[in-house]
Amino acid sequence: MCGIVGFHGPDNVVGDMIVGLTALQHRGQDAAGIATFDDSFHLCKGQGLVNDVFKPKHVKKLKGNIGIGHVRYTTQGANDSDLAQPFTTSYPFGLAMVHNGNVINFRDVAKRLHDKYHVLPKTTNDLELIMYTFASELRVKDLDRISVVDIFDAVETTQELVEGAYATITVIAGHGLLAFTDPLGIRPLALGRRDTPNGPVYAFVSESTCFDYLDFEFIENVGPGQAIFIDNNFQVHRKNQPAPPKAFCVFEQIYFAREDSVIHGRLVARERVRLGKILARKVVDAGLKPDMVIDVPSSGYFSASGLAEAIGVPYRRALVKNNHMGRSFIVPTQAGREDVVKKKLNPIREFVEGKKVAVVDDSIVRGTTSRRIVRLLREAGAKEVYFISSAPPIVSPCIYGIDMAMSTELIAANYTEDEICRYIEADKVIYQDLQDLYELFSEERGHGGSCFACFSGKYPTGDVTHYLRHIQEERASHRGDKKKKDKKSVSAKAPAPTEH
């Protein structure tokens, strides 16, 4: 999962881009990058947060009235600067691209690029596969008289060849700004506009919250399989698939998106309150009578408040978050995640001591973070701790860009609810019912269709058995390489053993 932005207007866009990327920092903290274009591409990217990567000296060099940006959260490939987006290629025209998602048939796409077009990607980042597939299809057109239809044809072929989840934004040098999504629309992308004295500024962003900070008007979501191209005269061109299927990632609503974002017409905060209210029935049926409901900040807040309201129990913010620590879910290693939790959350003893506490989190993925939270509350004197998940049990790996791609990491895929309860050391564990989630995000309620694969094991792209195996092999390989590297580093620095 990552965050992407693209801007096209009459003046320099880098200022808007940095504000937009900062608003999307929750979607990725590993790396950040920006590419702008005037007479040539200007590129700056590196590891770290937006404010760490883009210093005043870099901003001065990022000139141009068109540009794209990215914040990265690592799912495939190693976490290093070489894999940070955007990526560029000089032919045809000059392209710069960013994307959010995961290509699942990456071996097939890489083989086709090599065999048919003799292209060898330089990195393991699957953005290169999308970019070079699009570039290869575009370069067979009449480049002297390239048209919007030609561009959309290249997009359509790319969508047919590249499987998985992706929302992409591309600068086509000298021509304009292009955005397109996978045929199922798994990842979010929105188009907005701001009018200025010099003309309109258009923006594509992962979440609508960017528009709030930048005073943009929301225009539309980039729909499943849709492509939108904004030319250098700021004319907006659209390519739509006829009645495409839809499978928007429901985990965006549960956890990943910011609460103040509106996604497909739904305010994320309101949906999380509804998730909490639905959980009330299960809490009552289990005979639980908590003295208070608290949340795991900050994605658990609205569900916790909805639950507290529904069962008539006070809500308290009893876990204080250090806002200078990152999101533990998107830290790439388990040891790192546990360290973040330990440093980021501090219970208010006066609130929880001697109390029966219902603590609401967005989900239980690996279980180790949940156990650490339960222990923190016990150490603060809580009498009983009930751990409540806004999400159903996560039983299947996500292959579309969320870091849960190995089933061995998913506690609900390997253990019963009672075993999970014992493992995290809670007095009771309660999960959201999958059927309730289906109903909340059903087409009948105007949501249009969602992906529930991590909860149901039913993948919207069909049989993904061999792709899942490839992804697990690739991830295992990188983890093995990292362990060897770390071991070698430790060995090199360790002092020679001495005899006593």
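In this text the structure is predicted, and so the values were computed from the model without any measurement.

Let's talk about the overall build of the protein chain
A count of helices and strands for the protein chain gives 17 helices and 23 strands. Counting across all 500 residues of the protein chain, residues that qualify as buried make up 57%.

Focus: the environment of Val171
Looking at the secondary structure, you find Val171 in strand β7 (residues 164–172). Looking at Val171, the relative accessible area reads 1%, which means it is buried. With 59 residues separating them along the chain, Val171 and Ile230 place their C-alpha atoms 9.9 Å apart. Apart from residues lying up to four places away in sequence, Val171 is in contact with Phe37, Phe41, Ile66, Gly67, Ile68, Gly94, Leu95, Ala96, Gly176 and Leu177.

Let's talk about the UniProt feature "binding site: [4Fe-4S] cluster" (unreviewed entry) in the protein chain
When the UniProt feature table is mapped to this numbering, "binding site: [4Fe-4S] cluster" (unreviewed entry) covers Cys249, Cys398, Cys451 and Cys454. Spanning 206 residues, the named residues form one tight spatial group whose C-alpha atoms are at most 10.2 Å apart. With respect to the secondary-structure elements, Cys249 resides in strand β14 (residues 248–249). In this structure Cys249 comes out as buried when scored by relative accessible area, which is 6%. The contacts of Cys249, once residues within four sequence positions are left out, are Ile186, Arg187, Ile402 and Cys451. Along the chain, Cys451 falls in strand β23 (residues 450–451). Note on Cys451: relative accessible area 8%, which makes it buried. Apart from the residues lying within four places of it in its own chain, the contact partners of Cys451 are Ala247, Phe248, Cys249, Val250, Tyr400 and Pro460.

A word on unusual backbone geometry
A cis geometry characterises the amide bond from Gln85 onward to Pro86, with omega recorded as 5°. As for its position among the elements, Pro86 is in the loop between β4 (66–72) and β5 (87–89). Omega for the peptide link from Pro297 to Ser298 comes to 0°, which places this bond in the cis form. Although it is not a glycine, His118 sits at a positive phi angle of roughly 60°. For His118, the location among the structural elements is in the loop between α4 (106–117) and α5 (127–138). Phi at His264 is positive, roughly 50°, even though this residue is not glycine. With respect to the helices and strands, His264 occurs in the loop between β15 (262–263) and β16 (266–267). You can call His264 partly exposed: its relative accessible area is 27%.

What about the nonpolar core?
In terms of nonpolar packing, the biggest core is built from 64 residues, with Phe134, Ile151, Leu178, Ile254, Tyr400 and Phe455 touching the most fellow members. For this core, the element with the most residues is α5, which contributes eight residues. Ranked by size, the runner-up nonpolar core spans 26 residues in total, among them Ala318, Leu377, Ile411 and Val429.

Cut-off values and rules
- Residues numbered from 1 in each chain as written.
- Predicted model: local features only at pLDDT ≥ 70, side-chain atom pairs only at ≥ 80, totals over all residues.
- Heavy atoms only, no water.
- Helix = DSSP H or I, 4+ residues; strand = E, 2+ residues; numbered from the N terminus.
- Buried < 20%, exposed > 50% of the residue type's maximum accessible area, 1.4 Å probe, protein only.
- Contact = heavy atoms within 4.5 Å.
- UniProt positions renumbered as here; feature names shortened; annotations may be inferred.
- Core = buried A, V, L, I, M, F, W, Y, C linked by side-chain atoms within 4.5 Å.

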